[in-house]
Every structure is written in C-alpha cells, then in structure tokens.
Amino acid sequence: MGCQRTITGYRIDRPTGMLSVIGHTCKGVSGPTNFVIDLSGRWHYVNNSTADSVAQFDVGPETGKLTPAGRTAPVPLMMALRDLD
C-alpha cells in the first residue's frame, strides 16, 4: 500500500471467531495510537499522536469498511479516546 501508518479493518466470523481483513487506509492517519467507535457504530475516531489531532472515519454499514470523513480536530495534548455511555 505504500503507507507505514495504517488502520486495518477486520471482520469477525461469529461461529469460528476467525478474523478476515476488510481493508486498509492510511488517509488521515498519522501515528495512530488508539481509537473509539461511537455508540451508533457509524463513526470511527482515531487519535493521531504524531499530528496532534483526531481524525473521523465513516464505518460502512454493510461492510464495515473505513472511509476518511475528511474531518480532523486539533488536539494540543496527548490524550486517550473513550466511549461515554
């Protein structure tokens, strides 16, 4: 793919627990250190530690494929992402 820093999506086969790769993306990714998926399952947020930002990705409803949403937010300090119930 030519990228050193990527996010890889996986599908879980429920009966066997086996993983299969859905796809990779490196667009909008710079030193990904952690991530969170929102409660609706529609958005995936990645903490880009080397760019001091958080990037938003769309999660494909049928496939789970990640597509860059084209939105990032600057984060001046190192942080960890987490779900809020």
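Bear in mind that the values here come from a model prediction, so they are computed numbers and not experimental data.

Parameters and conventions
- Residues numbered from 1 in each chain as written.
- Predicted model: local features only at pLDDT ≥ 70, side-chain atom pairs only at ≥ 80, totals over all residues.
- Heavy atoms only, no water.
- Pairing = 2+ DSSP bridges.
- Helix = DSSP H or I, 4+ residues; strand = E, 2+ residues; numbered from the N terminus.
- pLDDT = per-residue confidence, 0-100.
- Salt bridge = Lys/Arg side-chain N within 4 Å of Asp/Glu carboxyl O.
- Buried < 20%, exposed > 50% of the residue type's maximum accessible area, 1.4 Å probe, protein only.

Two faces make up the sheet, and in a regular strand the side chains alternate between them. Inspection of the sheet shows strand E1 (residues 7–12) paired to strand E2 (residues 19–25) by six bridges, in the antiparallel sense. The residue of E2 that forms the bridge with Ile7 is Thr25. Where E1 folds back onto E2 in an antiparallel hairpin, the turn is made up of six residues, including Gly17, whose phi is positive at roughly 80 degrees.

Attention now goes to the confidence of the model for the chain. Per-residue confidence for the chain gives a mean pLDDT of 83, with 86% of residues at or over 70. Per-residue pLDDT, averaged within each element of the chain, yields its smallest value for strand E3 (residues 32–37) (85) and its largest for strand E5 (residues 53–59) (90).

Tallying each qualifying case throughout the model produces one salt bridge. The salt bridge involving Arg42 is made with Asp58; its shortest N-O contact spans 3.3 Å. Linking Arg42 in the loop between E3 and strand E4 (43–48) with Asp58 in strand E5, this pair joins segments that are 16 residues apart in sequence. Judged by relative accessible area, Arg42 falls into the partly exposed class, the value being 44%.

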